[in-house]
Amino acid sequence: MGTTMSAESNSPATEPRKNETFAGQADETLFERAMSDAAIGMAIVSLDGRWIKVNDAVCTFFGYPREELLDLSFQDITYADDLFSDLDLLNATLEGKISNYRLEKRYIHKSGAIVWALLVVSLVRTSSGAPKFFISQIEDIDERKRAEVALADSESRWNFALEAAGHGVWDRNLKTGTLYRSPLWYRMLGYEPSELPVDGRTWIELVHPDDRAIVESADRDAYDDDTQDTRSEIRMRHKDGHWVWILNRGRVAERDSAGNPVRFIGTHTDITERKAREERLRAANERVELAVQAGNVGIWELDLASGRVTWDERMYQLYGITPDQFDNTRPSWRRLIHSDDVKTVTAAMDAVIAERGRTQIDFRIVRGDGSIRHIRALAQIPESVPGDGERLIGTQWDITDHKNLSDELFEEKERLRITLHSIGDAVVTTDVNMAVTFMNPIAERLTGWTYEHAEGMPLIDVFRIVNAETRETVRNPIEECLERMQPFYLQAGTVLISRSGQEFFIQDSAAPVRTSTGEVIGAVLVFQDVTHARAMQEELVHAAMHDSLTGLPNRRSFEQTLEELCRETEGRTSAHTLCFIDLDRFKLVNDTAGHAAGDALLVEVSKILRSCVTVEHHLARIGGDEFALLLPKCRLELGQEIAVRMVDAISHHSFLWGGRHYDVGASVGLTEITAEQHDPIALMKEADVACYTAKSEGRGKASTYRRDKGSAERRHREIHIAASLQAAIDANRFTLFAQHIRELNVFGTAPHETLEVLVRMRDDDGGMIPPSEFITAAERHGVMHKIDRWVLYTLFNDYRSLLEQNDHIDLSINISASSLDDPFLWPFVRDIISETTIAPSRICFEITETAVINNASVAIKFCRSAREYGCRIALDDFGVGLSSFAYLKNFQVDELKIDGSFIQNIQSSEIDRKLVEAMAGVGRALGIVTVAEWVEDAATLEVVRNIGIDRAQGYHIARPMPLKTVLEIGYVERALAQH
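Here's what I pulled together on the structure shown here. Keep in mind it's a predicted model, so treat the numbers as computed, not measured.

Another aspect to go through is the overall build of the protein. On a plain count of helices and strands, the protein comes out with 36 helices and 39 strands. The burial tally for the protein puts 42% of its 979 residues in the buried class. Restricting the contact set of the protein to residue pairs at least 6 apart, pairs at least 24 apart contribute 57%. Of the roughly 51,600 Å² that the protein leaves accessible, carbon and sulfur atoms contribute 52%.

Turning next to the packing of aromatic side chains. Evaluation of the coordinates by the stated rule reveals 19 aromatic pairs. Between Phe655 and Tyr662, the aromatic rings sit 6.3 Å apart at their centres with planes inclined by 45°, giving tilted as the arrangement. In terms of burial, Phe655 and Tyr662 fall into one category: buried. A cation over an aromatic ring shows up here: Lys145 above the ring of Trp116, its NZ or CZ 4.4 Å from the ring centre.

Before going further, it helps to spend a moment on the sheet that holds strand β13 (residues 358-366). If you walk across this open sheet you meet the 5 strands as β12-β11-β15-β14-β13, and the pairing is antiparallel. Of all the strands in the sheet, just β12 (309-311) and β13 have a single pairing partner and so form its edges. Between one strand and the next, the sheet's axes are offset by a mean angle of 25°, whatever the strand orientation. Note that strand β11 (residues 298-303) and β12 share 3 bridges and pair antiparallel.

Attention now moves to the sheet that holds strand β1 (residues 41-45). The strands making up a sheet are joined through hydrogen bonds of the backbone, oriented either antiparallel or parallel. One open sheet holds the 5 strands; their spatial order is β2-β1-β5-β4-β3, and the pairing between them is antiparallel. Whereas interior strands pair on both sides, the edge strands pair on one side only; in this sheet they are β2 (51-54) and β3 (100-108). Neighbour-to-neighbour, the strand axes of the sheet open up by a mean angle of 30°, direction not taken into account. Sheet topology note: the strand β4 (residues 114-125)/strand β5 (residues 131-140) ladder contains 9 bridges and is antiparallel. Following the sheet pairing, Ala117 is matched in β5 by Asp140.

What follows deals with the pattern of salt bridges. All chains considered together, the criterion is met by 51 salt bridges. Between Glu278 and Arg274 there is a salt bridge, with the nearest N and O atoms lying 3.0 Å from each other. Residue Glu278 and its partner Arg274 are both found in helix α9 (residues 272-294); the two are separated by 4 residues, about one turn of the helix. According to the relative accessible area criterion, Arg274 is partly exposed, its value standing at 25%. Note that Glu479 is salt-bridged to Arg475, the shortest N-O span being 3.2 Å. Its relative accessible area of 28% is what places Glu479 among the partly exposed residues. Owing to a relative accessible area of 33%, Arg475 belongs among the partly exposed residues under this scheme. Here the salt bridges do not stand alone but share partners, grouping Arg475, Glu479, Glu480, Glu483 and Arg484 into one network.

Looking now at the nonpolar core. Among the nonpolar cores identified, the biggest contains 76 residues, and Phe734, Ile787, Leu792 and Phe845 are the most heavily contacted of them. With 7 residues, helix α26 (residues 784-798) is the single largest residue contributor to this core. With residues up to four places along the chain from it excluded, the contact list for Phe845 reads Leu792, Ile813, Ile815, Trp826, Val829, Ile833, Phe862, Ala866, Cys871, Arg872, Ile873 and Ala874. In terms of nonpolar packing, the next biggest core, distinct from the first, is built from 32 residues, Leu583, Cys612, Met646 and Val647 among them.

All right, on to the side chain of Glu846 then. Turning to its location among the elements, Glu846 is positioned in strand β34 (residues 843-848). Apart from residues lying up to four places away in sequence, Glu846 is in contact with Glu756, Ser812, Ile813, Asn814, Ile815, Ala874, Asp876 and Lys897.

Here we come to the environment of Leu683. Along the chain, the position of Leu683 falls in helix α23 (residues 680-696). For the pair formed by Leu683 and Cys566, sequence separation is 117 residues and the distance between their alpha carbons is 9.7 Å.

Our focus in this paragraph is the pairing of strand β25 (residues 626-631). Most of β25 is tucked away, with 5 of its 6 residues classed as buried. Relative to β25, strand β23 (residues 576-584) runs antiparallel, the two sharing 6 bridges. Among the inter-strand pairings, Cys579 is bridged to a residue of β25, identified as Leu629. Here strand β24 (residues 618-621) pairs with β25 via 4 bridges, running antiparallel. Within β25, the position partnered with Leu619 by the bridge is Leu629. Taking the residues between adjacent antiparallel strands as the criterion, β24 and β25 are bridged by 4 residues.

Cut-offs used in this document
Residues numbered from 1 in each chain as written. Predicted model: local features only at pLDDT ≥ 70, side-chain atom pairs only at ≥ 80, totals over all residues. Heavy atoms only, no water. Helix = DSSP H or I, 4+ residues; strand = E, 2+ residues; numbered from the N terminus. Buried < 20%, exposed > 50% of the residue type's maximum accessible area, 1.4 Å probe, protein only. Contact = heavy atoms within 4.5 Å. Areas by Shrake-Rupley, 256 points an atom, 1.4 Å probe, with all protein chains shown as cover. Phe/Tyr/Trp six-rings, centres within 6.5 Å; stacked < 30°, edge-to-face > 60°. Lys NZ or Arg CZ within 6 Å of the ring centre and 35° of its normal. Pairing = 2+ DSSP bridges. Axes fitted to C-alpha atoms, helices over the stretch in contact; angles between N-to-C directions. Salt bridge = Lys/Arg side-chain N within 4 Å of Asp/Glu carboxyl O. Core = buried A, V, L, I, M, F, W, Y, C linked by side-chain atoms within 4.5 Å.

Printed below as a string of structure tokens:
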């Protein structure tokens, strides 16, 4: 502003014009007097804002002496916030845009106070129109401005208070027909001011139809009763259509000369929430009252000042008395409480009164009829209203049924708790979120978590389970059961890992827990530690699949392995070898040295066999002295080499027991597993046949089963016969034959005849099966002892009569090695003989030398019993064993049947002759009858007679004939000879 103004009045160029402006001295004097005498401040101000002349009013207003003020510019004492607006107007005046201006502005008083003034500024120009100076009028408006500010502040505070209180203001003028509404009023109903008319009557249309009468009634009261204030609660329609509850307050602000109201002012307040709370409170009170009635809750009140007790009707019903039986005092009330509970109830009530608190207590009362009921009471001292005395109020209701049920539930819960703590199963319960809610001690022990630490924890953190083999985490069973909404059981092989890392094999079940309505509220998990049981089971499985003596797999295990290998072989070109191993002379060790020696021998043999095979081979003990070996992916030729190695290893092993050495051996049968032959049963039979062949060829050998046509046919026939043996016994398709044994050195009277009893078998078509076929099959398949019993039973029952009639005929009966193993054989024989009249001396039992070798102890026992009973014993096939003569030292016999292999070539073989002579000589020396077998011609008969053999048997003597025929002929010939 300093750049636009100039001190033109002080420059020499302006002096002529100055004289022209104040041409008349009188006018100048008059102006100065008017300025000096003016009640308002007047001043002449230079164009740069400095004071040229000021009157006393100006000095008084600013508080400066004249001389001091004239040294200042108006800018120096203008309030900073108002300076720029003043300068803008000043510049506009200088530029000619305006001729003068008015401005309310603030100045700074000499005291530092801010003062308000009304400034009127006019610009004086020279005759040429150039700006000369300003004439300013300064009117003191400070008091008015401060009043306006105070008023504005007051209005602001009122508006704020109304806004904060939620009061919308309205002003209805009946004279003008207008209606004022405050902004809050519009916002309360969701309108903009322009959306509603301002006439005084249309607002009634916003009022709920049911509430308009309330508004109209308030207006009438204002007219009729000189009512100044009105108050009502009405509903008004919001812009969006819903109804807003309004507290309508109004006051008559102005009346006309007749006293009629012409102006109303009031407020509208949104009380919708309050009305909703009142409705909720009303509904709650209604529910409480219904609950009190339904629950038979009694309400009582004790005035603490007077001590008076007030009961409602239900209290009397609760105590079973009438009002005239109660005097409304505490002592009267105490008499109705059970004597054991009076002290407790009194103390509780006194504590509530002393502490101004609240209590709940259960106690017993004695009703008017003498019955005892359980009561629950609530009591508290409410906040008192000024002027009212303090009161203790409360409620009481009968909880007898609840108490009884609680006692029953507690007892049931206690029983359940004791049960769960006592049982051997671990029990864990969870909520529906699978958080632990209970654990019994067993569950704590197995998981390693105490219930206090586990409560509320996710079950997956407490119950960690994995698969025993894969170690993969197993899905939580409770999660499974809650998903399926049915019981769930863990699979076997699940391991629980406890908190400490200890592992347990477990089995478990999980089931949802439901309420009586079927709602699932959680689940229960029951699990058992089966670690020990699993170990025992594994031991049992191992025992079931292994031989306890040698530790080798047993027959069952071997057969399973064989079946698996056979399945793999089907349709493939690979071949495998199966070996059947049978020990030689094992029974000799077992019978002479005892079972302990036999067991020790089997252990040593198993070690020898293990040393001959690799881990890929499957070695097993499948019977008493029988072993089997499976050689996967091994051709028959290589299998033969392994078999020979095993035979050699065993034959070179000397078994030492009790200071005595025993030589044992082994025979091995082999067969090949191929795609053409992979039937496990057939393969085992083939290996068995091959082993039998090895034994029959002299033992200590390895024999291979050959599937040529002849062998196959013989094998199939043997299998067919073996399968039909039991059926033949049941169908009685066996028959008895007999062959004569001739006395060679008896002259004179007719001697006793001797018959060897033979057995024959017929097939399904009635054809005769040779003994060499079915007896071999019967011995190999363990049926021979049954045939022996059939022979004995049939002989002494079906032929009893003929035998008793032919008392001159002696009988020689064969007993197989398998029958000698039967401890009940002799009692059976003795019983059937005793039921006849046949003399025991007529009976001779033939036992093969092989049977004696393999069953020495049982054979000796049977023979001793038979000889003691009066029967005779014959040693059959004598001479085939290397120790034949040695057995005669310990084995007492009555006859020696020299094996036919020594007799059939006796005419041409000097060795056979010498051996037979030696045998005959031993027989004579020991008093034992000798019998020559296989005497097929007269020349042989003559040789054996000359040697001194006592008896002869063979086709030259007689061919086998049906026993019945022989006995019937013998009976007739005997009868004819006697006549």
